[in-house]
Amino acid sequence: MTLGAPAALWLLLAVPLLVLLHMLRARREARVVSSVLFWQHAVRDLQTRFPVRRLERSLLLLLQVLAVTSLALALARPSLTLPGAGGPALAIVLDTSLSMQATDVPPSRFARAQAEALALLARGGSGRPAMVVAAGPRPRIVHDLSRDATSLAAAVRRLRPTDGRADLEGAVELAAAQRAEGRAVQVVLFTDRPWPATPGMTVHQVGTPAPNVAVTRATVRVGDDGQDALLVEVANLSPQPRRVRVQATWPDGATTAAVLALGPEERAVRVWPARSDGVVRAAVRASDGQPRGDALPADDAAE
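Visitor: Just give me the short version of the overall build of the chain, but keep the residues and values in it.
Guide: Along the backbone of the chain there are 6 helices and 16 strands. Buried residues in the chain amount to 33% of all 303 residues. Counting contacts in the chain only where the partners sit at least 6 residues apart, residues at least 24 apart contribute 65% of the total. In the structure as shown, the chain presents an accessible area of about 18600 Å², 57% of it carried by carbon and sulfur atoms.

Visitor: Account for the sheet that holds strand S11 (residues 228–236), with residues named and values stated.
Guide: Spatial ordering of the open sheet is given by S10-S11-S14, a layout of 3 strands whose pairing is antiparallel. Two strands lie at the open edges of the sheet, namely strand S10 (213–222) and strand S14 (267–273), each paired on one side alone. Between one strand axis and the next, the sheet turns through 20° on average, direction left out of account.

Visitor: How would you summarise the environment of Met-131 if you had to cite specific residues and measurements?
Guide: Looking at the secondary structure, you find Met-131 in strand S4 (residues 130–135). Overall, the relative accessible area of 1% leaves Met-131 in the buried class. Along the chain, Met-131 and Leu-152 lie 21 residues apart, while their C-alpha atoms are 7.1 Å from each other. Residues in contact with Met-131, not counting those within four places in the same chain, are Leu-90, Ala-91, Ile-92, Ile-141, His-143, Asp-144, Leu-145, Leu-152 and Gln-178.

Visitor: Mind laying out the pattern of salt bridges, listing which residues take part and the relevant values?
Guide: For the structure shown, the criterion picks out 6 salt bridges. Salt-bridge contacts for Arg-281 lead to Glu-303; the nearest nitrogen and oxygen are separated by 3.6 Å. Of the two residues, Arg-281 is situated in strand S15 (residues 281–286) and Glu-303 in the segment after strand S16 (301–302); the sequence distance between them amounts to 22 residues. Given a relative accessible area of 41%, Arg-281 falls into the partly exposed group. Taken together, the shared-partner salt bridges in this structure form one network comprising Asp-104, Arg-109 and Asp-192.

Visitor: Describe a nonpolar patch on the surface, listing the residues and the values that go with them.
Guide: On the surface, Leu-59, Leu-62, Leu-63 and Leu-66 cluster together to form a nonpolar patch covering roughly 410 Å² of accessible area. Checked against the element boundaries, Leu-63 lands in helix H3 (residues 59–76).

Visitor: Describe the sheet that holds strand S12 (residues 242–249), and please don't skip the residues or the numbers.
Guide: Spatial strand order, S13-S12-S15-S16: 4 strands in an open sheet with antiparallel pairing. Looking at strand neighbours, the two that pair on one side only are strand S13 (255–262) and S16, the edges of this open sheet. Looking at chain direction, S12 and S13 are connected through 8 bridges and run antiparallel. Counted as the bridge partner of Arg-243 is Ala-261 from S13.

Visitor: So, the side chain of Glu-233: which residues are in play, and what are the values?
Guide: Structurally, Glu-233 can be placed in strand S11. Looking at Glu-233, its side chain comes within polar contact range of the side chain of Thr-216, at 2.5 Å. Residue contacts for Glu-233: discarding those within four places in its chain leaves Ala-214, Val-215, Thr-216, Arg-217, Arg-267, Ala-268 and Val-269.

Visitor: Any details on the confidence of the model for the chain? Residues and values, ideally.
Guide: Overall, the predicted model of the chain reaches an average pLDDT of 82, with 84% of residues at or above 70. Taken element by element, the predicted model of the chain shows its lowest mean pLDDT in helix H2 (residues 40–49) (59) and its highest in strand S3 (residues 90–95) (95).

Visitor: How would you summarise H3 if you had to cite specific residues and measurements?
Guide: Side chains of residues three or four places apart in an α-helix project in the same direction, reflecting 3.6 residues per turn. The terminal C-alpha atoms of H3 lie 26 Å apart, and with 18 residues this matches the ideal 26 Å at 1.5 Å per residue to within 8%. All of the buried residues along H3 are Leu-61, Val-65, Val-68, Ala-72 and Ala-76. Projected onto a plane normal to the axis of H3, the buried residues spread over an arc of 75° and lie on a single side. What points out from H3, more than 90 degrees from its buried face, is the exposed set Leu-59, Leu-60 and Ala-74. The positive-phi residue at the C-terminal boundary of H3 is Arg-77, with phi of around 55°.

Visitor: Account for the pairing of S11, with residues named and values stated.
Guide: Taken across its 9 residues, S11 has 8 buried, putting it largely inside the fold. Strand direction decides the pairing type here: S10 and S11, joined by 9 bridges, are antiparallel. Residue Arg-221 lies in a different strand from S11, and its bridge partner there is Ala-229. Hairpin connection, S10 to S11: the antiparallel pair is bridged by 5 residues, and Gly-226 has positive phi, about 80°.

Scoring rules and cut-offs
Residue indices follow the written sequence of each chain, beginning from 1 at its first position. Only residues with pLDDT of at least 70 are given local features in this predicted model, and only at 80 or more are side-chain atom pairs given and counted; all residues enter the totals for whole chains, interfaces and linings. Only heavy atoms go into the side-chain values, all of them from the structure, while hydrogens and water stay out. Counting from the N terminus, the helices are the DSSP runs of H or I reaching at least four residues and the strands are the DSSP runs of E reaching at least two. Only protein chains enter the accessibility calculation, which uses a 1.4 Å probe; a residue is then buried when its area is under 20% of its type maximum, exposed when over 50%, and partly exposed in between. Two residues form a contact once any of their heavy atoms are found within 4.5 Å. Each accessible area value is a Shrake-Rupley result obtained with a 1.4 Å probe; residue values ignore everything except the protein chains displayed when judging cover. Between any two strands, pairing holds if DSSP finds at least two bridges. Only the stretch in contact is used when fitting a helix axis, every axis being a line fitted to C-alpha atoms; angles between N-to-C directions are given from 0 to 180 degrees. We count a salt bridge whenever a side-chain nitrogen from Lys or Arg sits within 4 Å of a carboxyl oxygen from Asp or Glu. For patch detection, residues must exceed 30% relative accessible area and be free of salt bridges, and they are connected within 9 Å for like charges or within 5 Å for nonpolar side chains (Val, Leu, Ile, Met, Phe, Trp, Tyr). In the analysis that follows, any N or O atom pair within 3.5 Å is treated as a polar contact, provided that within protein one partner can donate a hydrogen and the other can accept it, and provided that, for residues neighboring in sequence, both atoms belong to side chains. Per residue, pLDDT captures the predictor's confidence, and it can take any value from 0 to 100. What a helix should span is 1.5 Å times the count of its residues minus one. In this description, one arc is meant: the one made by directions from the helix axis to the C-beta atoms.

Laid out in structure tokens, this is it:
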């Protein structure tokens with residue numbers, strides 16, 4: 001058993017005070033006599049010798065002691081943790097990075113992670129607190145520690161994957177720093193990134209090694225000749241070699257393209273002189289120029 005406010009137990013010191021006041025309370029019984037003249041000195045002597053009376057049975061005293069004790073215990077907020085309540089609190093961390101949009105696991109990696117997180121909340125049952133953390137570019141707590149499984153599930157369903165990176169390390173640190181009734185929480189991470197085994201943490205990895213070629217950078221630089229140039233970086237994030245076509249579409253509608261042969265985990269950069277001012281779109285396609293339809297279409301283009 002734990003106490004939320006143990007300082008309230010100081011109120012129990014009022015119990016002996018009640019007993020003392022009860023013993024000091026004068027008890028008189030009315031009697032009709034002819035004269036009290038000869039009793040005055042005897043009464044004073046008796047009060048001097050016995051200032052505190054013997055404690056006698058009293059229903060009123062018992063009720064007062066019970067009232068003070070109940071009030072002190074209520075203010076101390078006692079709580080009892082039962083062995084069958086489900087263990088430590090959960091801190092559910094969901095990876096919301098761009099790669100979670102991959103469709104190698106239907107309908108997507110993120111949808112699969114959401115389903116597994118919801119199933120975990122459903123298995124937790126009543127009495128086990130949980131919280132939800134979104135691992136995006138800036139980790140944030142989506143739902144504080146709560147025993148309300150319905151609101152926790154709603155918070156998980158509201159999450160969506162982003163088009164950026166995820167600060168998983170920061171999200172895990174944020175979750176691990178939380179405390180539930182003074183105890184550490186159990187961190188449960190849902191991600192497609194490999195994660196080392198960590199005490200007090202469970203990792204649910206979703207997704208499989210899937211073919212994916214991405215435009216990882218598209219920017220305009222000033223060359224040595226003082227002219228603007230478009231720099232496009234393409235990365236093969238697949239375990240197999242890939243042959244792709246990288247194409248730049250200029251604001252005037254013209255296109256410039258090149259075919260790249262990339263080994264596993266290889267990157268390549270192409271630089272083209274700028275043709276006109278405006279927004280340039282760089283995209284990777286199959287070597288024949290058709291859409292590739294790989295596992296993560298969201299990273300096939302940049303502007």
